[in-house]
Amino acid sequence: MTSSDHSAEGTAASPIRVRWFDGHSSRAREVLVAFEPGPRGPGLRLHVLDQGHAASRRFEHDEVDWPAQWTAGRAPERVTVALHAHGSLEIDQPLLWQQAQLQAGLRPGLAQRMQTRWSVLLVVLVAAVLGLVAFYRYGTPWAAAELSRHVPLQWELKLSAEALAQVDRAWLKPSQLPLERQQALQARFGELLGHLQPALKRYPAYAPRYALLFRRGIGPNAFALPGGTLVMTDELVESAARAGLSDDALLGVLAHEIGHVEHRHGTRLIVEQGVLNVGLGLALGDVSSVVALASTTLTSLAYRRQHENESDCFALALMTQASLPTAPMGELLLGLSMGGVPRANQAEPAERSGPADWLSTHPATPERAQRLKAGTRCAG
């Protein structure tokens, strides 16, 4: 056995002289404290020195409020250790006390290790950042998709009516399409809905109230609101006509927007933002920011890449079910993109290409257009 082994063993076995305030008297009692192993962690045995006979008392691990760890350079001059209903100990040798704790098997918690070891703090910070990224990327979309099953349709309808009123006041104007033209598109829209089979629905029990509205004033666009309200602009109808495309192109766009409704993308965005805010609020100790989310989210309609893919796949499946071609829709989307005008979904940003394209929240229009032109079925 080496001299260092003798030193460590002697240190661990040597009691520490401290003062004990037992809670019954204001006078401190001189005691020796020895650490003893226990089933839940080390305990303390106090040997009282100011009595004529030997007296000792054992405190189990849970009866001691163990002090936090500290580094050698930041050790306090004096430490007080509470013994719950039995007063407290006053220690003038903090480093010796801490060394005895560790040798007796007491292991500091994560919070204490973060305070005393930079490496532990760095690992925890990296893990926290990765956890937040994973929570945002995977956790919130999954939670939103599941929670949306329980959102009442009436809530969606009321919220959508309010959002549409805001958009009408800010950007939209009444349609100038001839009534006969509107009625013809309404009829084709109704026929398309007739091919909406239960197998295509993401939420089988969900029964939205579909309505097709026409507006103008924001360029060639179409968008869907939760609950079944779809809006198509005159400019989109006129763009299809100028391109020499049949109404199948417009029906493809409407099928895509029906996909947003059936997958409850708008509602999922609202719920997702709420889940994210609540999660961050709990992590940061503040949930007061979970307000005024719904109308802001709906008026932006910034669908995720996954949402657009799901709606494209839904449109392909619905158009196939209705025996309608999808190539005209692809031609329309590609023509709008190449012409420098907004595409069918108002909220889609300008496309990015190159290595950073995978960061985009929407698939590239050429990619989507080619898939739709080819009528390639996909999982979605």
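Our subject is the structure listed above.
Residues numbered from 1 in each chain as written. Predicted model: local features only at pLDDT ≥ 70, side-chain atom pairs only at ≥ 80, totals over all residues. Heavy atoms only, no water.

Student: Account for unusual backbone geometry, with residues named and values stated.
Tutor: Among all residues except glycine, the phi angle is most often negative; among peptide bonds, the trans geometry is most common. For His 84, which is not glycine, the phi torsion reads 55 degrees and is therefore positive. Inspection of the secondary structure assignment puts His 84 in the loop between β5 (79-82) and β6 (88-91). Look at His 84 and you get partly exposed, because its relative accessible area is 45%. Even without a glycine there, the phi angle at Ser 323 is positive, about 60 degrees. Position of Ser 323 relative to the elements: it lies in the loop between α11 (305-321) and α12 (327-338). (Helix = DSSP H or I, 4+ residues; strand = E, 2+ residues; numbered from the N terminus. Buried < 20%, exposed > 50% of the residue type's maximum accessible area, 1.4 Å probe, protein only.)

Student: I'd love a proper account of α11, names of residues and values included.
Tutor: Its 17 residues place the ends of α11 24 Å apart at the C-alpha level, agreeing with the 24 Å of an ideal helix rising 1.5 Å per residue. Counting buried positions along α11 gives 12 out of 17 residues, so the element sits mostly inside the fold. Taken together, the buried positions of α11 are His 307, Glu 308, Glu 310, Ser 311, Asp 312, Cys 313, Phe 314, Ala 315, Leu 316, Ala 317, Leu 318 and Met 319. Phi turns positive one or two residues past the end of α11, at Ser 323, with a value near 60 degrees. (Expected span 1.5 Å × (residues − 1).)

Student: Quick rundown of the packing of aromatic side chains? Include the residues and the values.
Tutor: Enumeration according to the criterion identifies 3 aromatic pairs in this entry. Where Phe 35 meets Trp 97, the ring centres are 5.1 Å apart and the plane angle is 65 degrees; that geometry is what we call edge-to-face. Note that Phe 35 is positioned in strand β2 (residues 29-36) and Trp 97 in helix α2 (residues 94-103), a separation of 62 residues in sequence. Given a relative accessible area of 14%, Phe 35 falls into the buried group. Taking relative accessible area as the criterion, Trp 97 reaches 0% and is therefore assigned buried. Pairing Phe 189 with Tyr 210 gives two aromatic rings, centres 6.4 Å apart and planes at 75 degrees, and the pair type is edge-to-face. With Phe 189 in helix α6 (residues 179-193) and Tyr 210 in the loop between α6 and β8 (211-216), the pair connects residues that are 21 residues apart, well separated along the chain. Take Phe 189: its relative accessible area is 3%, and that puts it in the buried class. Across from the ring centre of Tyr 203, 5.8 Å away, lies the NZ or CZ of Arg 264, which sits over that ring. Lying over the aromatic face of Tyr 206, Arg 264 brings its terminal NZ or CZ to 3.9 Å of the ring centre. (Phe/Tyr/Trp six-rings, centres within 6.5 Å; stacked < 30°, edge-to-face > 60°. Lys NZ or Arg CZ within 6 Å of the ring centre and 35° of its normal.)

Purely spatial values, then, with no claim about function.
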